[in-house]
Amino acid sequence: MKRRIKEILSWYGSDNPGTLTNLARILNHGKLGGTGKLVILPVDQGVEHGPGRTYVPNPPSFDPRYHFELAIEAGLNAYAAPLGFLEAAARDYAGDLPLILKLNNRENLSSDKDPLQAVTGSVEAALRLGCAAIGYTVYPGSLQRVSMYERLQALTEEAKRHGLVVVVWSYPRGTDISKDGETALDVSAYAAQIAAQLGAHILKVKPPADCVEQAEAKKVYEKAGLQTATLAQRIEHVMNSAFDGRRITIFSGGAARGTDEVLEEIRGIRDGGGFGSIMGRNAFQRERTEALALLDQVVKVYQGKL
Amino acid sequence: MKRRIKEILSWYGSDNPGTLTNLARILNHGKLGGTGKLVILPVDQGVEHGPGRTYVPNPPSFDPRYHFELAIEAGLNAYAAPLGFLEAAARDYAGDLPLILKLNNRENLSSDKDPLQAVTGSVEAALRLGCAAIGYTVYPGSLQRVSMYERLQALTEEAKRHGLVVVVWSYPRGTDISKDGETALDVSAYAAQIAAQLGAHILKVKPPADCVEQAEAKKVYEKAGLQTATLAQRIEHVMNSAFDGRRITIFSGGAARGTDEVLEEIRGIRDGGGFGSIMGRNAFQRERTEALALLDQVVKVYQGKL
Amino acid sequence: MKRRIKEILSWYGSDNPGTLTNLARILNHGKLGGTGKLVILPVDQGVEHGPGRTYVPNPPSFDPRYHFELAIEAGLNAYAAPLGFLEAAARDYAGDLPLILKLNNRENLSSDKDPLQAVTGSVEAALRLGCAAIGYTVYPGSLQRVSMYERLQALTEEAKRHGLVVVVWSYPRGTDISKDGETALDVSAYAAQIAAQLGAHILKVKPPADCVEQAEAKKVYEKAGLQTATLAQRIEHVMNSAFDGRRITIFSGGAARGTDEVLEEIRGIRDGGGFGSIMGRNAFQRERTEALALLDQVVKVYQGKL
Amino acid sequence: MKRRIKEILSWYGSDNPGTLTNLARILNHGKLGGTGKLVILPVDQGVEHGPGRTYVPNPPSFDPRYHFELAIEAGLNAYAAPLGFLEAAARDYAGDLPLILKLNNRENLSSDKDPLQAVTGSVEAALRLGCAAIGYTVYPGSLQRVSMYERLQALTEEAKRHGLVVVVWSYPRGTDISKDGETALDVSAYAAQIAAQLGAHILKVKPPADCVEQAEAKKVYEKAGLQTATLAQRIEHVMNSAFDGRRITIFSGGAARGTDEVLEEIRGIRDGGGFGSIMGRNAFQRERTEALALLDQVVKVYQGKL
Amino acid sequence: MKRRIKEILSWYGSDNPGTLTNLARILNHGKLGGTGKLVILPVDQGVEHGPGRTYVPNPPSFDPRYHFELAIEAGLNAYAAPLGFLEAAARDYAGDLPLILKLNNRENLSSDKDPLQAVTGSVEAALRLGCAAIGYTVYPGSLQRVSMYERLQALTEEAKRHGLVVVVWSYPRGTDISKDGETALDVSAYAAQIAAQLGAHILKVKPPADCVEQAEAKKVYEKAGLQTATLAQRIEHVMNSAFDGRRITIFSGGAARGTDEVLEEIRGIRDGGGFGSIMGRNAFQRERTEALALLDQVVKVYQGKL
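Parameters and conventions
- Residues numbered from 1 in each chain as written.
- Chains lettered and ligands numbered in written order.
- Predicted model: local features only at pLDDT ≥ 70, side-chain atom pairs only at ≥ 80, totals over all residues.
- Contact = placed C-beta atoms within 7 Å.
- Helix = DSSP H or I, 4+ residues; strand = E, 2+ residues; numbered from the N terminus.
- Nonpolar A, V, L, I, M, F, W, Y, C, P; charged D, E, K, R; others polar.
- Least-squares fit on C-alpha atoms with pLDDT ≥ 70 in both.
- Buried ≥ 20, exposed ≤ 12 C-beta atoms within 10 Å, placed from the backbone.
- Pairing = 2+ DSSP bridges.
- Expected span 1.5 Å × (residues − 1).
- Arc of directions from axis to C-beta.
- Right-handed = clockwise from strand over helix to strand, strands pointing away.
- Axes fitted to C-alpha atoms, helices over the stretch in contact; angles between N-to-C directions.
- Core = buried A, V, L, I, M, F, W, Y, C linked by C-beta atoms within 7 Å.
- pLDDT = per-residue confidence, 0-100.

This paragraph deals with the interface of chain A and chain B. With 33 residues of chain A at the interface, the matching set in chain B holds 38 residues. Counting residues per element, the ones that place at least two in the side of chain A that touches chain B are α3 (45-48), α4 (51-55), α6 (83-87), β5 (118-119) and α7 (123-128) of chain A. A total of four residues in the side of chain A that touches chain B trace back to one element, the largest contributor, which is α6(A). For the side of chain A that touches chain B, the class distribution of residues is 17 nonpolar, nine polar and seven charged.

Rendered as structure tokens:
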């Protein structure tokens, strides 16, 4: 195995060989295999935003097989989706790429200031579908967070016992967090720290914006003279908050945007020490050839070739 | 086995042979057996609307045996009802037609803007009664949806482990959904997607009306130039949202209406690629001979003969 | 065994021989044994109304043994009470008459528009006390009904697995039901239907008054020309709603009243096809000799002798 | 064994020999052993009122061993305390006197009109500490009572299965009960009835005051001409409500008071047929010699010597 | 083993040898090993206050290994942290010092007057990580305290069965407690008593301020002439409230402050009979050499050398 992968695995000294094997499967798969960098395709927007907004821009994407094939052809490290999407094609592509069963979800047919996701899958389901990992979203700051953390605690314990990897999406929101604050630097760093302390192996947070939400954090940053002007500098602070970089942390892309804008952001993530990206709408809402071209460029950025 | 049935079964590659056997039992039963189309008789209105409104229009329907016999004589694919109705006659008609135990219910003696159904049966009960499937209603958009999804998750996991089929009624409602919105095109498509992602084998939604509820969906539809004028076009969008047609999706009939109106709608469902109908009040609230005549016409529409 | 009892047992084709044996014990016991009619003594008013209001009118009734003896001497079919009352004398009268452990209760030290009963016993307790049945109250229409139905679902499943009979008291109430509506014809019929669909073997509802609560039910009744002027006619509609009379349904007596009034009502229940009565305060709040005399007359009405 | 004890045990015919053995241990222990009367030392005020108010008046009482020794030296029947206090000395005094593990508690750092106690111990803990009984408080009338009753139901079932005695403190309170009403005659009687119906072996209520809370109870009392002027008369009504005296019922002492006042009340309890007292603050907040003197007098009252 | 340690262990007569062994491991470890005094390093502020405020003042502290090494080099008795921090380095330092898995946590991204901590670890996790103890925070006075106490009850029972030590952080807060009241003398004493009664082996409270929150406590203190002017006097009252000093009680340091101020407080704790300190921010937010110097002085104070 590549030295860098061995190094990364060494940070997870409390996990059993089963979990390390699955973590290695993800890190060694696809075009970025062995580099320690990773790009994951997540497709849970059918539940999160509805099928109209999600698939209509690129109709072939209605078919659950489309996403498996996109992730495989693009040479990504893994594909993450809810129960239904994985069940619909896991047998057809068994062994073709590492899968992540997204265990909780939330549809947007009602608006909640302090949201809670419903658990819609299980560790047992992840195992019978041949997944390498479970995925789970927490909303730090939501008044419902205790429920979310405690469900995660139980699932994490069970997943680790069964040799699975735990991927946590950490998205702060809630009554006491301003809209801008959701991606503020201190809040993104906080999101990473929380996911890491909850025992996640792979953390997923949003790229931090150049603002600070909590007054007490601002004071400390200013006193320490923390540099936050560039995305790379901000990513570095988030990576520090991920156990000084010893927890694999990847960043989400958000709404579909132009290629240049996407690549610019990827470079910031890479330069700040981020491990990679999780890219959904920017990938599967483009026509297939375009999507493959973009993903290839993203991979090249992480390979340091672009 | 008919080729079409084998094809449909091939979409459920993550299920065990037990579940496929029960799914095949439903698809191969009755006059539509082997066509891949299906018509199901559901009788849970005694709980949902009360016995007065439900059975008084056709008094023999008070008797639980009536519905078994109606479904058998009409050559339908399956009969769905709550615990009490199935327990009352399952021994008498054991092996005569596939049964679906409706596992949750809600009476209308109180009005809730954000309703929750009570779980009134179990997988164990379905097994001891010889059922082929469990049925379960979710209300996407209800503030109580997390409870409903999580109960379903547990029941689904248990049902699949025991070789049962899972049928999900997906009826959006709640504080943030307008009355018209409950059957809006985007909402119906969303309902189908949610049920499919929750792992249902058979989805049941309402026929979509020609309106769109969510502003963001409207924008996407308009940009893509989605055709929505005819019921068949709208059904097609719903079927796309059911994993590009790879999840059996059937449509409910609603309140009792005239025969022509019913058949017209059935044709729209068929032409849009729907798999069939679940028809309750339009069947059992008619006098028996009339009901059998109507159901025969419905079957003929799905057979392409009418 | 009497033919009528065999006929009744035949309606419970999904139950195991253990449950049928206990149902037969109840139906074959006492003066009405073998007739298919039954009268049950329930004494849970000590909890529901407090000991002052309950026992002071007839002080010997403070003693738990009093009620066992009253039920035995009157030749009733069964005696129903909460845990404490049964535990206090079950050994002394073991085998003397069928017992029903009332599994949930509610004291009236606080007023709730949408009440919930607490589960105060268990199936295990019913078995160790030698009971033939468990009893359980639901409040259809209460905002707490989901909890009540789901607790009942679990208890019912467990009781049936262990060969016990399930008796359900179905008393509609709640924010959206008017005071008169609690005993309206449509609501009583609804109460019976709900209990039957929940899987009860024996249903207990209040005698229906000559009024209709829900507008939609009223419309259907009027269209069908349903006769509701006499108690017998109304009882008949309730019996229809109890699976066309195929679920044993008995009626409660309410507050203590004069003998003539009581007997008049019993005749209405009998003539409408009701299976019997559950009579508490009208029995144990009278002095013992009077109570025995009244109960004897009640039995005679059901025997068709009065 | 003394005849009176055998008689008392005969009232608990549904309990297993394990529970009877523990009940006998309590009834046969100490100076009142064999008389059927009992005095218990309860020390849960450290949690209920805080250590300042509880132990400062008599500083040696900070030490958990103090209370074991006080109860032993005074020749009381049993000692009741929360987990911590029992764990701190159970090994040192193993076998020296029967222990009651108080399983739920509530601190007064917040005020709740409708309180709930937290479960802070378990049946397993009671067994490993060598206790003869578990103790549990219910608040009839509190809006939280359903939770309290249902937790008790589970604990009671488990305790009886494992041969333990169940002692229930029944203290009505809540939004709909007036301050005076908490000890009104009808309410105290109601409290006793509820605890007995919940399956308690030993009931603990407050001595009833000469007032009536519920209008309907008042009417019945007046009609029956119930005598309520003396404490003994009121105790008698409570004892009647405790299954006509067939459930051991003891009375609490309340805040610390003068010796004469205490003894006067004890005589009332005795003369009304009460089984004894549970005396905490009046015992351990006095200096040790004084406390022993008072407890000796209390015992003498119950022995009929004072 | 040192006599003092044997004496301390003798207070825990209800625990199994497994728990005593782990308690001895903590008491015998580090520079204070064998003295009966102890200093613990807790690092859960990354979750409680966010990584910015916590680690930025001393950047090497972002790394989870930093804290293990600080505690080891300083010769402290144990290191306490949440799941993630322990998992990140437990294998690297296995056997180097006793670990305490902090089982519940709360981030400050929302403000709750009546807070609840989420359970984020388990006894099983503590065992697989080789911990000597579990740690748990309760908020006496919070309206959510029942949940917190009951979760603790279950975890405590499980931990004791598996030979672990239970450390309880007891921090009063909630609607009915004033800001000053949170560290008032009576409230701190109450906090210690509650943790002890809940079955904790080691209690952690805040050093009590010279004020009294509850009127009834004030009255008792004044009547008894309790001396409260010096910290040592107040610590003594807290120690009395910890079962007359028979439960190991340590005190937290609070926000980072100057060295003299810290040492002054430590002397007060020592002179009042406290067992030691738990010191987080005052340790790890200082540069490493300074931190080691301060901790050495703290140890010397407890050794009576300073």
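From this point, things continue past the structure.
Turning our attention to the relation of the copies chain A and chain B. When chain A is fitted to chain B, the residual RMSD is 0.0 Å, and the transformation amounts to a turn of 72° plus an axial shift of 0.0 Å. Put plainly, the chains are arranged around a five-fold axis. Closest approach to the rotation axis within chain A is made by the C-alpha atom of A:Ser147, at a distance of 10 Å.

With that settled, the discussion passes to the pairing of strand β6 (residues 133-138) of chain E. Residues and elements named next belong to chain E. Within β6, six of the six residues are buried, leaving the element largely enclosed by the surrounding structure. Side chains Ala133, Gly135 and Thr137 of β6 all project onto a buried face; the interleaved residues Ile134, Tyr136 and Val138 project onto the opposite face, where all are buried too. With three bridges joining them, strand β3 (residues 99-102) and β6 adopt parallel strand pairing. For leucine 101, the partnering residue across the bridge sits in β6 and is isoleucine 134. Taken together, the six bridges between β6 and strand β7 (residues 165-170) define a ladder with parallel strand orientation. Within the sheet, the bridge partner assigned to tyrosine 136 lies in β7 and is valine 168.

Let us look at unusual backbone geometry. We note that C:Asp244 has phi near 55°; this positive angle belongs to a residue other than glycine. By secondary structure assignment, the location of C:Asp244 is in the loop between α11 (231-241) and β9 (248-252). Within the chain, D:Phe243 stands out as a residue other than glycine whose phi angle is a positive 55°. Mapped onto the fold, D:Phe243 is located in the loop between α11 (231-241) and β9 (248-252).

In this assembly, 33 residues from chain E lie in contact with 38 residues from chain A. Considering every element that reaches the side of chain E that touches chain A, the biggest residue donor is helix α6 (residues 83-87) of chain E, with four residues. Considering only residue class, the side of chain E that touches chain A consists of 17 nonpolar, nine polar and seven charged.

Here the focus is helix α14 (residues 288-302) of chain A. Residues and elements named next belong to chain A. Between the first and last C-alpha of α14 there are 21 Å, a value that for 15 residues agrees with the 21 Å anticipated at 1.5 Å per step. Among all positions in α14, only Ala291, Leu295, Val298, Val299, Val301 and Tyr302 are buried. The buried residues of α14 occupy one face: seen down the axis, they fall within an arc of 155°. Residues of α14 that are buried make contact with β1 (38-42), α5 (64-73), α12 (259-271), β10 (276-278) and α13 (281-284). Glycine 304 sits one or two positions beyond α14 and adopts a positive phi of about 80°.

Another aspect to go through is the pairing of strand β7 (residues 165-170) of chain D. Moving residue by residue along a regular strand, the side chains alternate between the two faces of the sheet. Residue and element names in this part refer to chain D. Within β7, six of the six residues are buried, which leaves it mostly tucked inside the rest of the structure. Alternating residues of β7 divide into Val165, Val167 and Trp169 and Val166, Val168 and Ser170, and every residue in both groups is buried. This β-α-β element, strand β6 (residues 133-138) to helix α8 (residues 145-161) to β7, shows right-handed connectivity. For β7 and strand β8 (residues 202-205), the ladder comprises three bridges, and the chain directions are parallel. By the bridge assignment, valine 167 is partnered in β8 with isoleucine 202. The handedness of the β7 to β8 crossover, carried by helix α9 (residues 185-197), is right-handed.

Let us look at the sheet that holds β10(A). All names here are of chain A. With parallel pairing, eight strands are arranged side by side around a closed barrel as β1-β2-β3-β6-β7-β8-β9-β10. Neighbouring strand axes in the sheet, compared pairwise and without regard to direction, differ in orientation by 25° on average. Bridge count for strand β9 (residues 248-252) against β10 is three bridges, and the pairing is parallel. Across the sheet, residue isoleucine 250 finds its bridge partner in β10, namely glycine 276. Along the sheet face, helix α9 (residues 185-197) touches β6 (133-138), β7 (165-170), β8 (202-205) and β9 and points at about 155° away from the line of β8.

This part is about the nonpolar core. Counting 525 residues, the largest nonpolar core has A:Ile134, B:Ile134, C:Ile134, D:Ile134 and E:Ile134 as its most contacted members. Here D:Ile134 is in contact with D:Ile100, D:Leu101, D:Leu103, D:Val123, D:Ala126, D:Leu155, D:Ala159, D:Leu164, D:Val166 and D:Val167, once residues within four sequence places are set aside.

Attention shifts here to the sheet that holds strand β8 (residues 202-205) of chain E. Strand pairing within a sheet occurs via backbone hydrogen bonds; the two strands may be parallel or antiparallel. Residue and element names in this part refer to chain E. Taking strand neighbours around the barrel as the criterion, the eight strands line up as β1-β2-β3-β6-β7-β8-β9-β10 in a closed arrangement whose pairing is parallel. Each neighbouring strand pair of the sheet contributes to a mean axis angle of 25°, computed without reference to strand direction. Bridging between strand β1 (residues 38-42) and strand β2 (residues 78-81) involves three bridges; their strand directions are parallel. By the bridge assignment, isoleucine 40 is partnered in β2 with alanine 78.

When pLDDT is averaged along chain A, the result is 96, and 99% of the positions lie at 70 or above. Interface confidence for the predicted complex, given as ipTM, is 0.95, next to a pTM of 0.96.

Turning to helix α2 (residues 17-28) of chain C, a few remarks are in order. All names here are of chain C. Relative to the 16 Å expected for 12 residues at 1.5 Å per residue, α2 spans 16 Å between its end C-alpha atoms, a close match to the ideal helical length. By the burial criterion, the buried members of α2 are Thr19, Asn22, Leu23, Ala24, Ile26 and Leu27. Following α2 by one or two positions, glycine 30 adopts a phi angle in the positive range, close to 80°.

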